[in-house]
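Structure assessment
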Amino acid sequence: MRSSPIPRMSRRGRVTVGVLLGVFLLLTLLGWGVQAWTDWLWFDEVQYTRVFSGVLVTRILLFVVIGLAMALLVSGNMWLAYRLRPVLRPNSPEQVTLERYRSVLAPRLGTWLVAVGIIVGLFAGLSAQTRWGQWMLFRNSQTFGIEDPEFKIDIGFYVFQFPFLRYLLGVGFTAVVLAVIGSLAMHYIFGGVRLQGVGDRMTSAARAHLTTLVAVFVLLKALAYVLDRRAMLLEFNEGVNLYGAGYADINALLPAKEILAYISVVVALAIILFSNAFIRNLVWPGISLALLGISAVAIGGIYPWAVQTFEVKPSVKDKEAAYIERSITATRDAFGLAGTVTAPYNAGNLRPPETLATENAVVPNIRLLDPQLVSETYTQLQQVRGFYDFGPKLDIDRYQVNGETQDYVVGMREINYLELTDQQSNWINRHTVFTHGYGLVGAPANQVVCGGQPFFVSGFLGERTEEACSSATETIPANQSRIYYGEQMDGSDYAIVGQTDGNNPVEFDRPTGRDGGEQYYTYTGSGGVEIGSFGRRLLYSIKEQEPNFVLSGAINDASKLLYVRNPRDRVEKVAPFLTLDGDPYPAVVGGRIQWIVDGYTTAATYPYAEQVNLQEETADELTGLGTFELAREDINYIRNSVKATVDAYDGTVTLYQFDESDPVLKAWNKAFGGDLVKPKSEIPADLAAHFRYPADMFKVQRNLLAKFHVTDPSEFFSGQDFWEVPNAPDAPDSGKKQPPYYLYTQLPEQEEPRFQLTSAVTPAGRQNLAALISGSYLNGQPRLEVLELPDQTAVSGPVQVHQKMTNNANIRQELNLLSSNQAQVQYGNLLSLPFGDGMLYVEPVYVKSNQTNAYPLLQRVLISYGDGGQYVALANSLEEGIKQLVEQGKKAAPTTPTTPPPPTDGGTNPTPTPTAPPADTNPQMTAELAAAASKVQAAIVEVKAAQTAGDFERYGRALKALDDAMTEFQNAQRTAGGDRAPNSGASPAPAGSPAASGGTPSPPPASPSG
């Protein structure tokens, strides 16, 4: 019985479908066209049209080339399958059923194939156009001048070429698979492949066609094995928790993949020859594919597993040492850690030195204002109108005033459109009247007045009169203080400027005087897109879906539209290849307010380098509070290659090259014509004076240094000297990390004060201080420095210091009094400052009333020296606190450096640990006796280190050295003839020494093997 034909759609139905499809395409194309046109106008305004055209042309070309290639491969193979159809088909129920489909496809086969090609090509092209960045880097690749440690190939291959080659290989696999599926379907429908009937299930032509496609797939697999050999240097090595190929990978998996590549080529040839030239069936090709699968499992899976399990695991430390060293070296190179300068800092002085009160390089520059807490204070005291806002966090910068450089806390008085009243929020007011903010408000970071307020020195509105709580004149003057571009503005906060009501300005400028007067203004800057013509107004009416662009009389021939007003968004649009720092900051440069944005070039394919997630590594207590959260991007290479500026008045975007050796930036610059980024030599000196070490990059480097400061593979494997970033000192249970802090100060080993970003780190799993890490610029070049404390230091870390200071009985009582009467105590940045061979800690204490519109005021300063517990003061000012500490130090008896509690032996009692003999308590002590005491101290440190490491051999040597040092000390005592010299001829051991504690120190705990 013949099947009934498929019913055809009526003419009216076809017309309806056509109209609906046409409307859909029209609206879609209209939306794309409007977006593209307005983007072009915006890029033309900022004079970066080459970025727009370069990206657009590249995306179109990739869409067309990849889409067309995919469409031709799939549709072409389907057409070939049709051409290879058998002329005569056996009569069977299967073929009778398929006749219905043949009658539908055959008459319009070209149309069906074109439709399939369009669908496949559309999806392939849409995927390809997102790879525009990979293609640009591939085409403009550079050399790093560094070779990978295994294949001796320049790193540039992995960064620039490998990602796009891997993508092309994926496109090839997808095309072949779709071609096989499409061709198999066509062969089946038109009789080339049969499931029923007498004779062969597949015609010779169909077999040749399909087996050739399968052979091509296997050849692509051979190429994949070759590329996988390179990719091994990027994979995670679980055996040592590092990235890069390990022992088993290099010695088992690497040769296995090479063998599999050769096997794949042989199998591909076997499939073609056995299925078409010799046996002409699918039995041997099938066997060949099965052998390839078995080989892949046995050679590429079981063999490397056996090597890892039976050869590597029993002696991981030795087998993986060379590969651990590769990872350490690559990570330090990829993240800019190789040039880190590390210096020891004893921090053994626990008594405040008298020079603390007279020092003029560190103490006078200590920052008391916390940018996060005083933001509310700035808003309440400098807001003037309810719609002005300074954001949740201010910024730190330095200025030279009267020949003296110091830190300033600065903030921009911006328009916050969310704070406009209902009356002010109508379209006219929101977009044509309230268009800008006014003034960069600054205050010295180390000074407070009028009961704890900042001493404001800039950003004033109207004429100034003498006031005790602020400067009488602008200390940081700006020729143009209006802020049309700022951090408080999102994508919907566009402004229409340049329009006038007759001859009267209509833009609210600022309040003037004390009588409530207001000043209005008309924008005269070069920024903005002209929208005076009807066509432009209609264009942006469609873009913003706002009819007022066409209907409102507030727009005239001179009107301009300002949009994309957030400085970070503007830089991101101009340089889409950059990853931007989450904390842009303003600075007065040449009399104009400029936003400075740090731009990073990144990569994720640097061989052997550690891979980190930017969002996780940069998150801390301030994330989301005035700093942007970075995207979840996995990287293993980063450079602060660009310093970008955005003019707060006219929106001008300028990109300056900062890292002149970065190959990634060179590739991007070449891709966009070679002059997209200005050379470093063109950076104005007054702009460079405000550059600061970028916070997000510093966080990434600091977190990596916590592990990769260890460069010895054996010590790295043990992990006993790893560090970690402490939690916020005043909220340690929150799980949020302490943010690094900017300071203009001079650290030990530095010749003069610098503006630097500093962070304290603690040993992993402990809370005492391990090191201070700082990032700064020296002669225009980034410089990372580490002040490393001894392993067995007694100096407390930030969390411990805060707890010790606030738990002091006298201080706790005073803090309770401050928090009474419906007020709350808030703690500012806890600063850890090395000074006088010890550690100085400063933490400002703010008090905020619970009353409406109250703001924090700096009321006290917590300050301590040493370990944070013995010498501590809560004073009204920093100067007063310093004096109290110095007086406490004078009254106290001389003390010696102490050591932390000794490690326990697994029970409740600590292991007896030797203590250094008191070297400075005997007035008759000779130089020889002092030297002997120092040797004892050093020997004790080595004993404790061996205990902690669990190294019995080292522990034995340390005990022998300690015994020799004690003997030398006792002999020195006898020679000195001091009152501690024994009368019986046998000197008693110093308190806490092995002899005094009743025996030999407990041996170190056994460490796990391997």
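These numbers were taken from a predicted model, which means no experiment stands behind them.

So, on to a nonpolar patch on the surface. Among the surface-exposed residues, Val 15, Val 19, Val 23, Leu 27, Leu 30, Phe 534, Leu 538 and Ile 542 lie close enough to one another that they form a single nonpolar patch of about 720 Å² accessible area. If one sorts the elements of the nonpolar patch by residue count, helix α1 (residues 11-46) sits on top with five residues. Assignment of secondary structure puts Leu 27 in helix α1.

Before going further, it helps to examine the pattern of salt bridges. Taken as a whole and judged by the stated rule, the model has 30 salt bridges. Notably, a salt bridge pairs Lys 393 with Asp 583, separated by 3.2 Å at the nearest N-O pair. With Lys 393 in the loop between β4 (388-389) and β5 (395-401) and Asp 583 in the loop between β20 (579-580) and β21 (585-589), this residue pair connects regions lying 190 residues apart in the sequence. The exposure class of Lys 393 is buried, given its relative accessible area of 9%. Overlapping salt bridges bring together Lys 393, Asp 395, Asp 583 and Arg 692 as one network.

It is the contact of helix α2 (residues 49-83) with helix α4 (residues 109-129), at a shortest axis distance of 7 Å, that shows an interaxial angle of 145°. Relative to α4, the crossing made by α2 is right-handed. Side by side, α2 and α4 meet where Arg 59, Leu 62, Phe 63, Ile 66, Gly 67, Met 70, Ala 71, Val 74, Ser 75, Met 78, Trp 79 and Tyr 82 of the first sit next to Leu 109, Leu 113, Val 116, Gly 117, Val 120, Gly 121, Leu 122, Ala 124, Gly 125, Leu 126, Ala 128 and Gln 129 of the second. Within the contact of α2 with α4, the residues separate by chemical class into 17 nonpolar, six polar and one charged.

Attention now moves to the packing of aromatic side chains. Under the criterion given, the structure shown has 41 aromatic pairs. Ring centres of Phe 164 and Tyr 167 lie 5.9 Å apart, and the angle between their planes is 45°; this geometry places the pair in the tilted category. Taken together, the residues Phe 164 and Tyr 167, both in helix α6 (residues 155-189) and three residues apart, mark about one turn of the helix. Ring geometry for Phe 716 versus Phe 722: centroids 5.1 Å apart, planes at 65°, classification edge-to-face. Chaining the aromatic ring pairs together yields one cluster made of Phe 387, Tyr 388, Phe 434, Phe 508 and Tyr 520. The cationic tip of Arg 85 hangs over the ring face of Tyr 82; the distance from NZ or CZ to the ring centre is 4.0 Å. One Lys or Arg, Lys 643, reaches over the ring of Phe 691 and ends 5.2 Å from the middle of that ring.

Together, Glu 325, Asp 712, Glu 715 and Asp 791 make up a region of like negative charge exposed at the surface. The topology assignment puts Glu 325 in helix α11 (residues 321-334).

Structurally, the position occupied by Val 589 is in strand β21. Separated by 58 residues in sequence, Val 589 and Asp 647 have C-alpha atoms that sit 9.8 Å apart. If sequence neighbours within four positions are ignored, Val 589 has contacts with Gln 594, Asp 686, Leu 687 and His 690.

Counted residue by residue, strand β30 (residues 771-778) has seven buried out of eight residues, so it is predominantly covered. Direction of pairing for strand β29 (residues 754-763) relative to β30: antiparallel, over a ladder of five bridges. Residue pairing for β30: Thr 758 is matched across the bridge by Ser 774. Hairpin connection between β30 and strand β31 (residues 781-788): a loop of two residues separates the two successive antiparallel strands, and Asn 779 in this loop has a positive phi of roughly 55°.

The full count for this structure, using the stated rule, is one disulfide. Each sulfur of the disulfide joining Cys 450 and Cys 469 lies 1.8 Å from the other. Between Cys 450 and Cys 469 the sulfur-sulfur dihedral comes to about -105°; the bridge is accordingly left-handed. Of the two residues, Cys 450 is situated in the loop between β10 (448-449) and β11 (453-454) and Cys 469 in the loop between β11 and β12 (482-483); the sequence distance between them amounts to 19 residues.

So, on to the side chain of Gln 701. With respect to the helices and strands, the residue Gln 701 is situated in helix α20 (residues 695-708). Looking at Gln 701, the relative accessible area reads 1%, which means it is buried.

On to the packing of α11 against α20, then. Two elements in contact, α11 and α20, have axes whose closest approach is 11 Å; the angle formed by their N-to-C orientations is 155°. Classified by the interaxial angle, the pair formed by α11 and α20 is roughly antiparallel. When the axes of α11 and α20 are compared, the crossing they make is left-handed. Here Ser 327, Ile 328, Thr 331 and Arg 332 of α11 lie close against α20, whose contacting residues are Leu 704, Leu 705 and Phe 708. Grouping the constituent residues of the contact of α11 with α20 by class yields four nonpolar, two polar and one charged.

This part is about the side chain of Thr 605. Within the fold, Thr 605 resides in the loop between β22 (592-603) and β23 (612-613). A residue is classified by how much of its surface remains accessible, and Thr 605, at 7% relative accessible area, is buried. A distance of 2.6 Å separates a polar atom in the side chain of Thr 605 from the backbone oxygen of Tyr 158. Every residue in contact with Thr 605, bar those within four places of it in the chain, is listed here: Tyr 158, Val 159, Phe 162, Pro 163, Arg 166, Leu 234 and Asn 636.

Our focus in this paragraph is the confidence of the model for the chain. Low-pLDDT stretches of the model should not have their predicted coordinates read in fine detail. Scored by pLDDT, the chain has a mean of 85; 87% of the residues are at 70 or more. Every residue in residues 895-925 scores below 50 in pLDDT, and together they form 66 contacts with partners more than four places removed in sequence or on other chains. Here residues 978-1010 is a poorly scored stretch, pLDDT under 50, and it has 68 contacts once near neighbours within four places are set aside; other chains count.

Thresholds applied
- Along each chain, the written sequence defines residue order, and numbers are assigned to residues from 1.
- It should be noted that, the model being predicted, local features are given only for residues of pLDDT at least 70 and side-chain atom pairs only at 80 or more, the latter also being counted only at that level, while totals for whole chains, interfaces and linings use all residues.
- The side-chain numbers reported here are obtained from all heavy atoms of the structure, hydrogens and water having been left aside.
- Patch membership requires over 30% relative accessible area and the absence of a salt bridge. Like charges are linked within 9 Å, and nonpolar side chains (Val, Leu, Ile, Met, Phe, Trp, Tyr) within 5 Å.
- Exposure was quantified through the Shrake-Rupley algorithm and a 1.4 Å probe, taking into account, for residues, occlusion by the shown protein chains and nothing else.
- The term salt bridge refers to a pairing of a side-chain nitrogen on Lys or Arg with a carboxyl oxygen on Asp or Glu at a separation within 4 Å.
- Only DSSP runs of H or I reaching four residues or more are called helices, and only runs of E reaching two or more are called strands; each is numbered from the N terminus.
- Whether a residue is buried, partly exposed or exposed follows from its accessible area with a 1.4 Å probe, protein chains only, as a fraction of its type maximum: under 20%, in between, or over 50%, in that order.
- To get an axis, a line is fitted to the C-alpha atoms, and for a helix only the part in contact is used. The angle between two axes follows their N-to-C directions and goes from 0 to 180 degrees.
- Left-handed is the label given to a crossing in which the near helix is rotated counterclockwise from the far helix by less than a right angle, and right-handed is the label when the rotation is clockwise.
- Should any heavy atoms of two residues lie within 4.5 Å, those residues are considered in contact.
- Only Asp, Glu, Lys and Arg are considered charged, only Ala, Val, Leu, Ile, Met, Phe, Trp, Tyr, Cys and Pro nonpolar, and every remaining residue, Gly among them, polar.
- Classification of ring pairs rests on two measures: the distance between centres of Phe, Tyr or Trp rings, Trp counted by its six-membered ring, which must be within 6.5 Å, and the angle between planes, read as stacked under 30 degrees, edge-to-face over 60 and tilted in between.
- Look at NZ for Lys and CZ for Arg. If either is within 6 Å of the ring centre and within 35 degrees of the ring normal, a charge sits over the ring.
- Residues scored as charged are limited to Lys and Arg (positive) and Asp and Glu (negative), so that His and the chain ends carry no count.
- Lysine's charge is taken at NZ, arginine's at CZ, aspartate's at CG and glutamate's at CD.
- By this definition, two strands are paired if DSSP reports at least two bridges between them.
- Pairs of cysteine sulfur atoms within 2.5 Å are what we label disulfides.
- Should an angle fall under 35 degrees it is called roughly parallel, over 145 degrees roughly antiparallel, and 65 to 115 degrees roughly perpendicular, with every other angle called oblique.
- Polar contacts here mean pairs of N or O atoms no more than 3.5 Å apart (in protein, one a potential hydrogen donor and the other a potential acceptor; neighbouring residues in sequence count only if both atoms are side-chain atoms).
- On a scale of 0 to 100, pLDDT captures the predictor's confidence in every residue.

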